[in-house]
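A look at the structure
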Amino acid sequence: MGTLSRADVAHVAHLARLGLREEELARLEGELNHILDQYAILARLATDAIPPTAQTIALENILREDVARPSLPVDVALGNAPDRQGDHLVVPAILGGDGGGG
Amino acid sequence: MSAPAARAAALERYEAVIGIEVHCQVRTASKMFCACAVPPPDAAPNTHTCPVCLALPGTLPTINRAAVEHVLTTGLAIGASVPPATRWDRKNYFYPDLPKGYQISQYDLPLAANGSLTVETSEGPVTIGITRAHLEEDTAKLIHAAAPDGRRVSLVDFNRAGVPLMEIVTEPDVRSAEQARRYAEELRLLLRAIDVSDAEMENGQLRVEANVSLRPRGTGPFGTRVEVKNMNSIRAVERAIDFEIERQAAALDGGEPLRQETRGWDDAAGATYVMRVKESSDDYRYFPEPDLPPLVIDAAWLAALRAALPELPAARRARYRALGLPAYDAAVLVNDEGMRVAFEAILAAGPGLPPKEVANLVTGDYGRALNETAERTASGLAGRADAASLAHVLGEVVAGRLSRANAKEVVAEHVVGGRPAAAVIAERGFAQISDADAVGRIVDAVLAANPAAVADVRAGRSQALGFLVGQAMKASRGQANAAVVQAAVRERLGRGGDG
Ligand SMILES: [Zn+2]
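These numbers come from a predicted model, not from an experiment. (Residues numbered from 1 in each chain as written. Chains lettered and ligands numbered in written order. Predicted model: local features only at pLDDT ≥ 70, side-chain atom pairs only at ≥ 80, totals over all residues. Heavy atoms only, no water.)

Observations concerning the overall build of chain A
- Broken down by element type, chain A carries three helices and three strands.
- Here the C-alpha radius of gyration of chain A, 22 Å, is well above what a compact globule of 102 residues would show, namely 13 Å.
- By its C-alpha atoms, chain A is 55 × 45 × 25 Å across when sized along the principal axes.
- In chain A, buried positions account for 21% of the 102 residues.
- Split by element, the accessible area of chain A, about 7300 Å² in all, is 60% carbon and sulfur.
- Distance between charge centroids for chain A: 3 Å, based on 8 positive and 15 negative side chains. (Helix = DSSP H or I, 4+ residues; strand = E, 2+ residues; numbered from the N terminus. Rg over C-alpha atoms; globule rule 2.2 N^0.38 Å. Buried < 20%, exposed > 50% of the residue type's maximum accessible area, 1.4 Å probe, protein only. Areas by Shrake-Rupley, 256 points an atom, 1.4 Å probe, with all protein chains shown as cover. Lys, Arg positive; Asp, Glu negative; His and termini not counted. Charge placed at Lys NZ, Arg CZ, Asp CG, Glu CD.)

Brief notes about the pattern of salt bridges
Residues and elements named next belong to chain B.
- All chains considered together, the criterion is met by 47 salt bridges over all chains.
- In this structure, the salt-bridge partner of Arg-317 is Glu-186, at a minimum N-O distance of 2.8 Å. Of this pair, Arg-317 sits in helix α6 (residues 313-322) while Glu-186 sits in helix α3 (residues 177-193), and the two are 131 residues apart along the sequence.
- Where Arg-319 meets Glu-344, a salt bridge forms, and the shortest distance between an N and an O atom there is 2.7 Å. In this pair, Arg-319 is assigned in helix α6 and Glu-344 in helix α8 (residues 337-349), connecting sequence segments 25 residues apart. (Salt bridge = Lys/Arg side-chain N within 4 Å of Asp/Glu carboxyl O.)

Re the coordination of the zinc ion
- At this site the zinc ion is bound by Cys-34 of chain B (SG), Cys-36 of chain B (SG), Cys-50 of chain B (SG) and Cys-53 of chain B (SG), with donor distances of 2.3 to 2.4 Å.
- Here the zinc ion binds four donor atoms, and the angle range of 100 to 117° at the metal identifies the geometry as tetrahedral. (Donors = N, O, S within 2.8 Å, 3.2 Å for Na, K, Ca; no water. Tetrahedral: all angles 85-135°; square planar, octahedral: opposite > 155°, others 65-115°.)

What about unusual backbone geometry?
- Despite not being glycine, Asn-61 of chain A shows a phi value in the positive range, around 50°.
- Located in the positive-phi region is Asn-114 of chain B, a residue other than glycine, with phi close to 60°.
- Mapped onto the fold, Asn-114 of chain B is located in strand β6 (residues 112-121).

Quick look at the packing of α6 of chain B against α8 of chain B
All names here are of chain B.
- The interhelical angle for the contact between α6 and α8, taken along N-to-C directions, is 45°, at an axis separation of 14 Å. Classified by the angle their axes make, α6 and α8 are oblique. By crossing handedness, the relation of α6 to α8 is classed as left-handed. Along the contact surface, α6 presents Arg-316, Arg-319 and Tyr-320, while α8 presents Arg-340, Phe-343 and Glu-344.
- In terms of residue class, the contact of α6 with α8 is made up of two nonpolar, no polar and four charged. (Axes fitted to C-alpha atoms, helices over the stretch in contact; angles between N-to-C directions. Parallel < 35°, antiparallel > 145°, perpendicular 65-115°, else oblique. Left-handed = near helix turned anticlockwise from the far one by under 90°. Contact = heavy atoms within 4.5 Å. Nonpolar A, V, L, I, M, F, W, Y, C, P; charged D, E, K, R; others polar.)

Structural notes on the pairing of strand β4 (residues 89-92) of chain B
All names here are of chain B.
- The side-chain alternation of β4 yields two buried faces, one formed by Asp-89 and Lys-91 and the other by Arg-90 and Asn-92.
- As paired strands, β4 and strand β5 (residues 102-105) are joined by four bridges and run antiparallel to one another. Bridging from a neighbouring strand, Asn-92 pairs with Tyr-102 of β5.
- Looking at chain direction, β4 and strand β15 (residues 287-288) are connected through two bridges and run antiparallel. Within β15, the residue paired with Arg-90 across the bridge is Phe-287. (Pairing = 2+ DSSP bridges.)

Quick notes on the interface of chain A and chain B
- Every contact between the two is made by 39 residues of chain A and, on the other side, 62 residues of chain B.
- Taken together, both faces of the contact between chain A and chain B bury some 4300 Å²; the carbon and sulfur share is 53%.
- Linking chain A to chain B there are two salt bridges.
- The salt bridge involving Glu-65 of chain A is made with Arg-65 of chain B; its shortest N-O contact spans 2.8 Å.
- Summed over the shared surface of chain A and chain B, the number is 21 residue pairs in polar contact (both at pLDDT 80 or more).
- Among the secondary structure elements, those contributing two or more residues to the side of chain A that touches chain B are α1 (6-15), β1 (63-64), α3 (74-77) and β3 (88-92) of chain A.
- In terms of residues, the side of chain A that touches chain B owes the most to one element, β3 of chain A, which gives five residues.
- Tallied by class, the residues present in the side of chain A that touches chain B amount to 18 nonpolar, 12 polar and nine charged. (Buried area = accessible area lost by both parts, 1.4 Å probe. Polar contact = N/O pair within 3.5 Å; in protein donor to acceptor, adjacent residues only side chain to side chain.)

Structure (structure tokens):
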């Protein structure tokens, strides 16, 4: 298989917000394509009769009743925060947007 | 050219193609995937978190049943279909508002698909297709600030992280800012009527985004799509879309290419601004969430939710129209829960009352009293009112025994004090004077006391007529039948139906 280009690797690294040097990109291009080659072997198997699944345990409809329980005290919640201002966690300002969510 | 004229000119050449995305906080006690309480809007930062919604290692999500049911109920209310089985997907992106580095959402198997909502517009009813409604978790809240050393930082509050959020996406069926506004209003009304959300835009329980593009009239392919965010009121939705239509038309006329981007609405400036260039759906690298079991929605579960659905706003408006109410009155009553409750209660207490009279009382004298007090009875009536008393007041008016002016006073006093209306009427000695001779005597006295006004009326200044009628009503302490007073004044001053 081996179809990932250097640009693909750089793009995925950007999405993961990883800053990679040229030699790291080159090494990862090789490693990722090697992994994809293993999947190519799996892809040779006949799986037409097997429905796709994202689960390995045969459970369904496990639901929780809508009952609130106490949360963590704020000092515990922020216990591992490298930096805090009042009761907020502080992170460096991120340029260029508001995330992708919502 | 004025803004509306420029817009009208743009819309002669271009057709707007608009899709609306609404994020709605469904009302639950606890968060989507953990048991933290959903924080009130004024909660102190980071007081509603736990290992699950902080994404600490080794934690697993569990699904809130009420949140799922709210989305299924919404699906039923918009006539959507529900897949027999659904699942959850991870939407991956890195941003400090997302503790796990992914948001649990639904990608290709939403809880509801292919519904619609019909809205009334100035150009008649428009049906807007709803592609899907799905469930996901909200993000943390970021405040952009400066650290004491001057560094630009973001302050993170995880209270909102993991609050259940329903996303409702329309087809690109919306063609104008007015249609978009009406859709947002009708959807908000529906979400409140089926009791799945308070849907207050001001505190972010309902967030409306619009995808706006233009295409030359008569052509098929869609133009470049711009996503507009940060519209924090229904009015902002309409203004922002109007602005964006004009901006895009001007760019296209000038041969300027449009970029696929996200723009924010600045309400004070009355303009949109670039927020970011949009990532493509592939960049979110959706994949099935392995930590949650699939959901199988069986017929019995859906049937129970369907049976619990209240009358929907559209059906309610149709029923009110069938009772003889004009469209305007029907809409006013259905839009205002306090008035709607009173209308239903008074009709039930006085089944013989003309519905139009009940609507007039509710939107008039009672509506005023409703706005003047925050107090509500157990059945949702204003102050200390009871439906039987309100029905009695109206019955007396309809029977001609109580003047409308006096009815207004009785309603106001009854709502505040809660004393039965009949007792208030008796105590105040309110009895409408409709007898032509009795009214005539009052009018004669008023005319004799106001020769200048009488001369004005005779000289053709008809405003003076209203003054004399008002004086006669006052002289009768509001008890005279206003219509009989009018007739008596006109008869004596020799003026017929004019004025
Ligand atoms: Zn939690």
